[in-house]
Amino acid sequence: MRNFGTLYGFELKKLLQRKMIWIALAILTGVSVFLPASQVIGKLYMSADATGGEAQVWSHYEIVQRQRTDPAHLEGRALDTELIREAIAEMGIISRTTTPVLGRNNAETSVTVRQADPDAPGLTLDGYVIQGQYGDIWNTLEPMVGPENMTEDLTAEDYYAAVDADRAAGYNVWGLTAGEIAWWAEQAEKLEEPLTMTGYPNGGWTAMAETAYVANLFIFLFAIIALAGLFPMERQRRTDALTACARNGGAPLYAAKFLAGLTVSFAGGVIILGAMAAACLILLGPEDAATAVQQLMNPTWGAPLTVRHLALAVCGVYLAASLVHAAFVMAVSLCTKGGTAAMAVCFGAMLLFIMVAALPVPQRALSQAWSLLPATLGASGFVYDPRLVHLGGYLTSWQAAPLLWLVMVLALAGLGLALHRRVANK
Amino acid sequence: MELVLDRLSKQFQNKIAVDRVSLRLTPGVTGLLGPNGAGKTTLMRLICGILRPTAGSAAFDGADAGTEGYRAALGYLPQDFGYYPDFTGLDFLLYMSALKGLDRRAARRRSLELMDTVGLADVYKKKVKTYSGGMRQRLGIAQALLNDPKLLILDEPTAGLDPKERVRFREMIADLGRDSVVLLSTHIVSDVEHIADRVLIMRAGQIVHDGAWDAHEDLEKFYLSLCGEEADHA
């Protein structure tokens, strides 16, 4: 077809000339920056009792920066019996004898806020940061081996046996097949035990991975606002008669519009996710955290994956999701024939996806299919969802989803073309 | 070069808008008159392939309405149409050129040429939203001519134009009729009187008169005698 590039360019121009798109993008980008920024806003007040001296005030930003820049207390250490007992000794006394201190417990940065033994020396910022690092180990060990076993006798072998048992139980809960369990066992073999504590677990990459799910919903929202009127706009402006009888007014025009819609949604995704990622990395630091930390965060995930890998995979997958969001909104708009109606239907769908983010696991096929939708992926474990997709070989959900979504985009494009032809020729 | 309508019909629920219209149109200007609701615009939309007929067909030089070959020969100015307000006049014509399949260089040359022809050469860089109603109508005429159409369908082309412009456009349409099949719908009987070689009068979806027109006769009186009260209300 001649001049498709020009047609596409003009369709893009038509879209970008709408002020609503820029307003929506500015607001959503701003909120995406605010989400990670909110983790370093605020202050932590430590009473005189907790510090054993004067009352102290630390800003969250100060704590985060100290955690990042101080030589990591546990960096490079193996998660072995010695470290486990050290953590128990450090945290166990605190856990058994104290209650949380006054102030704010910053769950996002996983800083453990516990008051030291009232008879012990006061809590300093250094001590507080170090305690937080033991907190990650403690918080994993305790539910894994049970509070009653958190004693100085606990060994690394006990811990790793508990992890294996926990994995097996988890696979059972998820309803994995024998083939899937075998695949995961292969992955787990790649992990070297004892695991090594490498990197800073609460930095920008972790925040990125955790915030990306919300950013994905923002991208969906942006696609709704930007694209719900893309096709109905021609009828509302009464330009449909001009375009419908032109030589390229059929499939080529549809393709140009569809491609422009995908482009705008994808670009919006890059901007929203990019802003969120930049805020995470600038405010919380770009330090990576290696496999051991991942294992601490989710022991049922028996595969080597650093926090940076995780964050990049999440962002990449959500960029792919932006294309499906766009295709879905455009197909709905062709179906409803009106921008407002399309917006209402898509908002309704988005609310449904948020409210019913996951279906009960025992309904394996339905539950897994639902979890692979672009707006629900990430709501129930996401990369930690051990249910695999069998496409020739086994793929994890975040590997399979983009492939399935490609098929969805093509199917929605075909549906849209059929609807476009029906609308154009009444 | 011939437009052939064969029992072309369109029914909307209980209303038959166009009722078994059969015609053969050859190069020249054909005027289409009729009161409001007679089915003129529906007939034109059927001819342009924008509406799908309930029955019958339209074909130009053997190509059926709606096919790519048919649309390549077609130029259409709808009665009531919109614009992209943030496009400049030139952007609008370049966009329409892309839709009509013109290559980029030819599109620009032809667009500038037509902007000059319709008297918009000095405002081609201005946004369409700043244009007056008459200027927009002229831009609409320009877009219809972009692909040098062999079949030109004009629905109320002189509406909104001042008398001087109307006369100029009547002459332009008469010129176009030498090499193309031009179907011109209007409420302004004098426009048809001046330029149409053939006059069609439509009433209740049917062609009630089809014939050449003698310029010495009073077309308006004849039209009123055929359409009566309906025409009075038009």
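Rules behind the numbers
Residues numbered from 1 in each chain as written. Chains lettered and ligands numbered in written order. Predicted model: local features only at pLDDT ≥ 70, side-chain atom pairs only at ≥ 80, totals over all residues. Helix = DSSP H or I, 4+ residues; strand = E, 2+ residues; numbered from the N terminus. Rg over C-alpha atoms; globule rule 2.2 N^0.38 Å. Buried ≥ 20, exposed ≤ 12 C-beta atoms within 10 Å, placed from the backbone. Contact = placed C-beta atoms within 7 Å. Pairing = 2+ DSSP bridges. Axes fitted to C-alpha atoms, helices over the stretch in contact; angles between N-to-C directions. Core = buried A, V, L, I, M, F, W, Y, C linked by C-beta atoms within 7 Å. Domains from an automatic or database assignment. Nonpolar A, V, L, I, M, F, W, Y, C, P; charged D, E, K, R; others polar. Parallel < 35°, antiparallel > 145°, perpendicular 65-115°, else oblique. Left-handed = near helix turned anticlockwise from the far one by under 90°. Expected span 1.5 Å × (residues − 1). Arc of directions from axis to C-beta.

Comments concerning the overall build of chain B
Then comes step 1: Along chain B, the regular secondary structure elements total 8 helices and 10 strands.
Then comes step 2: Its C-alpha atoms give chain B a radius of gyration of 17 Å, within 12% of the compact-globule value 17 Å for 234 residues.
Then comes step 3: Its C-alpha atoms put chain B at 45 × 35 × 35 Å along the principal axes.
Then comes step 4: By residue count, 47% of the 234 residues in chain B fall in the buried class.
Then comes step 5: Within chain B, contacts between residues separated by at least 24 positions form 66% of all contacts whose residues are at least 6 apart in sequence.

Structural notes on the sheet that holds strand 1 (residues 3-12) of chain B
Sheet strands line up and pair through hydrogen bonds in the backbone, either parallel or antiparallel.
Residue and element names in this part refer to chain B.
Then comes step 1: With antiparallel pairing, the 4 strands of this open sheet are ordered in space as 2-1-4-5. Strand pairing shows two members of the sheet lacking a second neighbour, strand 2 (15-25) and strand 5 (63-64), which therefore form its edges.
Then comes step 2: Pairing analysis gives 7 bridges linking strand 1 to strand 2, with the strands arranged antiparallel. Bridge pairing in strand 2 places Val4 opposite Arg24.
Then comes step 3: Each of strand 1, strand 2 and strand 4 (55-60) touches helix 1 (residues 40-47); the most contacted strand, strand 2, lies at about 60° to it.

Considering the nonpolar core
Residues and elements named next belong to chain A.
Then comes step 1: Ranked by size, the top nonpolar core spans 154 residues in total, and within it Met208, Met276, Tyr318, Ala327, Val329 and Met330 carry the most contacts.
Then comes step 2: Per-element accounting of this core gives the leading share, 20 residues, to helix 14 (residues 307-336).
Then comes step 3: In terms of nonpolar packing, the next biggest core, distinct from the first, is built from 12 residues, Tyr134, Leu141, Tyr159 and Val163 among them.

A look at the interface of chain B and chain A
A common way to express how large an interface is: the accessible area buried when the components associate.
Then comes step 1: Each partner contributes residues to the interface: chain B has 28 residues there, and chain A has 22 residues.
Then comes step 2: Looking at the side of chain B that touches chain A, the elements with two or more residues in it are helix 2 (68-72), strand 6 (74-77) and helix 3 (89-99) of chain B.
Then comes step 3: Ranked by residues supplied to the side of chain B that touches chain A, first place goes to helix 3 of chain B with 4 residues.

Overview of the sheet that holds strand 6 of chain B
Residues and elements named next belong to chain B.
Then comes step 1: Taking strand neighbours across the sheet as the criterion, the 6 strands line up as 6-7-8-3-9-10 in an open arrangement whose pairing is mixed. Every other strand in the sheet has two partners, leaving strand 6 and strand 10 (206-212) as the edge strands with one partner each. Neighbouring strand axes in the sheet, compared pairwise and without regard to direction, differ in orientation by 15° on average.
Then comes step 2: In this sheet, strand 7 (residues 151-155) lies alongside strand 6 in parallel orientation, the contact comprising 4 bridges. Of the residues in strand 7, the one forming a bridge with Leu77 is Leu154.
Then comes step 3: Of the strands in this sheet, strand 6 and strand 7 are in contact with helix 5 (residues 133-145), which crosses strand 6 at around 170°.

Some thoughts on the domain arrangement of chain B
Residue and element names in this part refer to chain B.
Then comes step 1: One can read the domain layout of chain B as domain 1 (3-73 + 150-233) and domain 2 (83-148).
Then comes step 2: Centre-to-centre, using C-alpha coordinates, domain 1 lies 24 Å away from domain 2.
Then comes step 3: On the side of domain 2, 7 residues touch domain 1, which itself brings 10 residues to the contact.
Then comes step 4: Contributing elements (two or more residues each) for the side of domain 1 that touches domain 2: strand 7 and helix 6 (163-176).
Then comes step 5: Grouping the constituent residues of the side of domain 1 that touches domain 2 by class yields 7 nonpolar, 1 polar and 2 charged.

Here's the deal with the pairing of strand 9 (residues 198-203) of chain B
Residues and elements named next belong to chain B.
Then comes step 1: Alignment of strand 3 (residues 28-33) against strand 9, held across 4 bridges, turns out to be parallel. Opposite Leu32, over in strand 9, you have Leu200 as the bridge partner.
Then comes step 2: The hairpin turn running from strand 9 into strand 10, its antiparallel successor, is 2 residues long, and Ala204 in that turn takes a positive phi close to 50°.

Remarks on the packing of helix 9 (residues 204-227) of chain A against helix 15 (residues 339-355) of chain A
All names here are of chain A.
Then comes step 1: Look at helix 9 against helix 15: their axes get within 10 Å of each other, and the N-to-C directions meet at 170°. The angle between helix 9 and helix 15 falls in the class roughly antiparallel. Contacts between helix 9 and helix 15 involve Leu217, Phe220, Leu221 and Ile224 from the former and Met343, Cys346, Phe347, Met350 and Ile354 from the latter.
Then comes step 2: Among the residues making up the contact of helix 9 with helix 15, the classes are represented as 9 nonpolar, no polar and no charged.

What to know about the packing of helix 12 (residues 251-284) of chain A against helix 14 of chain A
Angle between the axes and distance between the axes are the two parameters that describe a pair of packed helices.
Residues and elements named next belong to chain A.
Then comes step 1: Between helix 12 and helix 14, the least distance of the axes is 8 Å, while the angle of their chain directions is 145°. Seen from above, helix 12 lies across helix 14 with right-handed handedness. Residues Phe258, Gly261, Leu262, Ser265, Phe266, Gly268, Gly269, Val270, Leu273 and Ala277 of helix 12 touch helix 14, and the partners they reach there are Cys315, Tyr318, Leu319, Ser322, Leu323, His325, Ala326, Ala327 and Met330.
Then comes step 2: Tallied by class, the residues present in the contact of helix 12 with helix 14 amount to 13 nonpolar, 6 polar and no charged.

What to know about helix 6 of chain B
Since there are 3.6 residues in each turn of an α-helix, residues three or four apart along the chain are aligned in direction.
All names here are of chain B.
Then comes step 1: With 14 residues, helix 6 should cover 20 Å at 1.5 Å per step; its first-to-last C-alpha distance of 20 Å lies within 8% of that length.
Then comes step 2: Regarding helix 6, the residues found buried are Phe169, Arg170, Ile173 and Leu176. Angularly, the buried residues of helix 6 cover 120° about the axis, an arc narrow enough to put them on a single face. Helix 6 presents Lys164 and Glu171 as exposed residues on the side facing more than 90 degrees away from its buried surface.

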